[in-house]
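# Descriptive analysis of the structure
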Amino acid sequence: MSVWDALVGQPEAVAVLSEAVRRPEAMTHAWLITGPPGSGRSVAARAFAAALQDPDDADGTSHETQTALAGTHADVTVLATEKVVISIDEARNLVGLSQRAPSQGRWRVIIVEDADRMVERTSNVLLKAIEEPPPRTVWVLCAPSPQDVLVTIRSRCRLVNLRVPPAQAVADLLVASDGVDPALALECALAAQSHIGMARRLAANPKARDYRAKVLAIPATIRGVGDAILAAGTLVDEATEESKVATAERDAAEKAELLRNLGADQGGTIPPALRAQVRQLEEEQKRRARRALIDVLDRAMVDLLSFYRDVLVVQLGSDQVLMNRAAEPAVREMAGASAPEQSLQRMQAVGVARTRIAAGAAPLLAIEAMTVALRPQN
Amino acid sequence: MVLVRGQETVLADRAVARIATLVREHGGDYEQTVLEAATYERGQLETIASPSLFGEHRHIVVNGLEAMSDAFLDDALAYVGTAGPEVTDVTLVLRHEKGTRGKKLLDAVAKASYPVVTCEAIKRDADKVAFAAAEFRTAGRKATNTAVQALVEALGSDLRELASACQQLIADTSSTITPDVVQRYYGGRVEATGFRVADTAIAGHSAEAVTLLRHALETGVDPVPLVAALAVKLRTLAKVAAMRGRGGASASDLGLAPWQVDRARRELSGWTPEGLARAITAVADADAEVKGEGRDAEFAVERAVLRVAGARGH
């Protein structure tokens, strides 16, 4: 088993990256790994970092490789964000860090996951550092597509593109690594549209499957404008619940930890001198909660898109595989009740809502406009 | 000792000023001290209130009791407990705006039967009219009812502004205050909130809605809450329409208060599902434009208002 095994269905990318590890002349100081969500950009970046730390480790079991993969290697820094954007201070820290020599003598690897989540000013801070790093520093940026990063960043990096892995390959990975039942694994891989992380989550978590089923049941319930508004309300409420599950417990733990560190009583009133710090933490948590909500909603909308895609497949009589096998009856019913043009318009409406929510529009209102557009129209 | 509580700061200011005048009229020297209860340090009250060498009267005003420090609470409670009617050379004025902080002290003051002046926030228009009318009456001026009404409509949202407008009219004019006078000074000003704009747009009055909207924008209302108000109104309408269709769902299932439902039922007349769909889409478009998809946020809101007003009856 080598470090590249976790990178499913990407032989070309693996060839380029492992060549760079082997031959110094094939190596370069900055890489931009692009590919659709779930294709394994961050996995590729970590595997590359691991391989760089120990090129002779063929089976990926050495200490160096393992710590690099786990994200605990001293010379491998991973910057990811749980907020909507990477802050400029985080980026500035990286600039300083990139000038230090690696402590273990091989490479200092700086991985920026979500390089697309940087505003222009933040990207500009990194420009000089990415252009001319010290000899033993290598930057690895990840983004969905090259267009998502500034052109000045793009031109300083070597591009590695990942493709959508075949669903069967993802299912095989789930069976091999998590011991999932093969039929369920394939269903989840299809439903997740080959997004490895999502497929794993669906396979491991029955609640996630339930939530997805609920989302897919929505189109059939919308019969008029009133229903559409109610459905939008339900969708956002459930997404809020779902995102809270992920954040609420952690928020409380963080606050307790902060109060303990500051020496304040738990449960008592917070002394005025410490309120600023607590408020700062709460604002941070609020930003994180917003991102979590947007992510859950976006996932729900991608699921809806896959539903209408299936409807369209049936309507056009194509021989493509349906992504939502469990929802097949609903898909066929919807396909019979509407025209292909309408399906395309509905997909368009879902797409508009996605872009708007990502751009900061009010989620409930955008979803309402979307569900209104999904109602049957003649 | 006097306790002044309530959120209407104009009235509270006046009460405090009135007490100061009374102290002055009482004659003799006096020394005024103003304290902030939030930054109060232990012992201050006792130091100031203790008899002075020259026997002047001490007039102490303590502001912001709603954020009082613990030290103040302790000291003030002790003071209320010890000082009795025999203390005649100290006046202590306490100002508490809102909230329950220091409730113990407030209760103690009231129980010791010191005067408590309550200045509740004036919210209803009728009360504001009465307030403005009283302003003119106190100044010995005549004002017609319609003039007072017009003044409240123009400046009603902030009582302080209303009070100063009354003072200005009293100072600048000499005869009876008529609607013409109000029109000359405050004509063209209308209090416009997001919800008033939304209500008018939903009633289908395009011209009036746009006029209100421009007033709102001119007086500094941000486009974002204007769009949000439209969205909230339309959401309620659509929910109530859905409820009517189903019959089963009750107001509480939808998260609405009964009065909201009644009101939405009335407003729903003239709306079709198709019209609602159009209006909601238009508002969602405007929201995206206000948040950066479009170049001119004000134009986006105006178009949304026109579209919503136009969608009624379709």
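Values in this document were obtained by computation on a predicted structure and should not be read as measured data.

## Some words on helix α3 (residues 63-70) of chain A
Looking only at α3 of chain A, the buried set comprises E64, T65, T67 and A68 of chain A. Of the surrounding elements, those touching the buried residues of α3 of chain A are α2 (41-53) and β2 (76-79) of chain A.

## Looking at the packing of helix α3 (residues 70-82) of chain B against helix α4 (residues 103-111) of chain B
A pair of packed helices is characterised by two quantities: the angle between their axes and the separation of those axes. Residue and element names in this part refer to chain B. At their nearest, the axes of α3 and α4 sit 10 Å apart, and the two run at 15° to each other. Here α3 lies roughly parallel to α4, going by the angle between them. At the point where α3 passes α4, the crossing takes the left-handed sense. Residues F72, L73, A76, L77 and V80 of α3 form the contact with α4, whose own contacting residues are K104, L105, A108 and V109. Here the contact of α3 with α4 is built from residues that sort into 8 nonpolar, no polar and 1 charged.

## A word on the UniProt feature "domain: AAA+ ATPase" (unreviewed entry) in chain A
Mapped onto this numbering, the UniProt entry annotates "domain: AAA+ ATPase" (unreviewed entry) at residues 27-165 of chain A. A helix fraction of 35% and a strand fraction of 18% characterise residues 27-165 of chain A, whose end C-alpha atoms lie 25 Å from each other.

## Describing the domain arrangement of chain B
By domain assignment, chain B separates into domain 1 (2-118), domain 2 (125-186) and domain 3 (194-311). Between domain 1 of chain B and domain 3 of chain B, the C-alpha centre-to-centre distance is 49 Å.

## Remarks on the layout of surface pockets
Residue and element names in this part refer to chain B. Approximately 380 Å³ is the volume found for the second largest pocket. Lining the second largest pocket are 18 residues, with M1, V87, T88, V90 and T91 sitting closest to its centre. Among the residues forming the lining of the second largest pocket, the class breakdown is 13 nonpolar, 5 polar and no charged.

## With respect to the domain arrangement of chain A
Residue and element names in this part refer to chain A. Looking at the assigned domains, one finds that chain A contains domain 1 (3-161), domain 2 (167-204) and domain 3 (225-374). For domain 2 and domain 3, the distance between their C-alpha centroids amounts to 22 Å. Across the contact, 7 residues belong to domain 2 and 9 residues belong to domain 3. Taken together, both faces of the contact between domain 2 and domain 3 bury some 690 Å²; the carbon and sulfur share is 55%. Taken together, the links from domain 2 to domain 3 amount to 1 salt bridge. A salt bridge links R201 to E242, with the shortest nitrogen-to-oxygen separation between them at 2.9 Å. One can count 1 residue pair in polar contact (both at pLDDT 80 or more) joining domain 2 with domain 3. Sorting elements by how many residues they give to the side of domain 2 that touches domain 3 places helix α8 (residues 182-191) first, with 4 residues.

## Re the sheet that holds strand β1 (residues 2-5) of chain B
Residue and element names in this part refer to chain B. Sheet architecture is open: 5 strands sit in the order β2-β3-β4-β1-β5, paired in parallel fashion. The two strands at the open ends of the sheet, each matched to only one other strand, are β2 (30-36) and β5 (116-118). Within the sheet, the average angular offset between the axes of one strand and its neighbour, ignoring direction, is 15°. On the sheet, helix α1 (residues 9-25) packs against β1, β2, β3 (57-63), β4 (90-96) and β5 and is oriented at approximately 180° with respect to β4.

## Remarks on the pairing of strand β1 (residues 30-34) of chain A
All names here are of chain A. With 5 of its 5 residues buried, β1 lies for the most part within the structure. As defined by bridge partners, β1 adjoins strand β4 (residues 137-143) across 5 bridges and the pair is classed as parallel. The partner of L32 across the bridge, within β4, is L141. Pairing between β1 and strand β5 (residues 158-161): 4 bridges, direction parallel. For W31, the partnering residue across the bridge sits in β5 and is R158.

## Some details on the environment of D180 of chain B
Of note, D180 of chain B is situated in helix α8 (residues 179-186). Between the C-alpha atom of D180 of chain B and that of M243 of chain B, which follows or precedes it by 63 residues, the distance is 48 Å.

## A short note on the interface of chain A and chain B
Residue-level contacts link 16 residues of chain A with 21 residues of chain B. Of the roughly 1,500 Å² buried between chain A and chain B, counting both surfaces, carbon and sulfur atoms make up 65%. When the area that chain A buries against chain B is broken down by residue, the three leading residues are L230, R356 and L365 of chain A, summing to 38%. Between the two partners, chain A and chain B, sit 4 salt bridges. Across the salt bridge formed by R375 of chain A and E274 of chain B, the nearest N and O atoms sit 2.9 Å from each other. Our count for the chain A to chain B interface comes out at 4 residue pairs in polar contact (both at pLDDT 80 or more). Breaking the side of chain A that touches chain B down by element, the ones donating at least two residues are α11 (225-262) and α15 (363-374) of chain A. Of the residues contributing to the side of chain A that touches chain B, the split by class is 10 nonpolar, 2 polar and 4 charged.

## Focus on the sheet that holds strand β3 (residues 108-112) of chain A
All names here are of chain A. With respect to topology, 5 strands assemble into an open sheet ordered β2-β3-β4-β1-β5, the strand pairing being parallel. A single partner strand is all that each edge strand has here, and the edge strands are β2 and β5. In this sheet, neighbouring strand axes are inclined to one another by 20° on average, regardless of whether the strands run parallel or antiparallel. On top of the sheet, α2 reaches β1, β2, β3 and β4; it is set at about 165° to β4, its chief contact.

## A word on a nonpolar patch on the surface
A contiguous nonpolar surface patch, about 200 Å² in accessible area, is contributed by V84, V85 and V119 of chain A. Within the element layout of this structure, V84 of chain A appears in the loop between β2 and α4 (88-98).

## Examining empty space enclosed by the protein
Residue and element names in this part refer to chain B. A complete count under the given rule lists 1 cavity of 30 Å³ or more for this structure. Counted as a void, the largest cavity has a volume near 30 Å³. Lining the largest cavity are A282, D285, A286, E289, A300, R303, A304 and R307. Mapped by element, the contributors of at least two residues to the lining of the largest cavity are α13 (273-293) and α14 (297-311). Considering only residue class, the lining of the largest cavity consists of 4 nonpolar, no polar and 4 charged.

Rules used throughout
- Residues numbered from 1 in each chain as written.
- Chains lettered and ligands numbered in written order.
- Predicted model: local features only at pLDDT ≥ 70, side-chain atom pairs only at ≥ 80, totals over all residues.
- Heavy atoms only, no water.
- Buried < 20%, exposed > 50% of the residue type's maximum accessible area, 1.4 Å probe, protein only.
- Helix = DSSP H or I, 4+ residues; strand = E, 2+ residues; numbered from the N terminus.
- Contact = heavy atoms within 4.5 Å.
- Axes fitted to C-alpha atoms, helices over the stretch in contact; angles between N-to-C directions.
- Parallel < 35°, antiparallel > 145°, perpendicular 65-115°, else oblique.
- Left-handed = near helix turned anticlockwise from the far one by under 90°.
- Nonpolar A, V, L, I, M, F, W, Y, C, P; charged D, E, K, R; others polar.
- UniProt positions renumbered as here; feature names shortened; annotations may be inferred.
- Domains from an automatic or database assignment.
- 1 Å grid on protein atoms, 1.4 Å probe; cavity = no way out; pocket = protein on both sides within 12 Å on 5 of 7 lines; lining within 4 Å.
- Points joined across faces, edges and corners; volume = space filled by probe spheres on them.
- Buried area = accessible area lost by both parts, 1.4 Å probe.
- Salt bridge = Lys/Arg side-chain N within 4 Å of Asp/Glu carboxyl O.
- Polar contact = N/O pair within 3.5 Å; in protein donor to acceptor, adjacent residues only side chain to side chain.
- Pairing = 2+ DSSP bridges.
- Patch = residues over 30% accessible without salt bridge, like charges linked within 9 Å, V, L, I, M, F, W, Y side chains within 5 Å.
- Areas by Shrake-Rupley, 256 points an atom, 1.4 Å probe, with all protein chains shown as cover.

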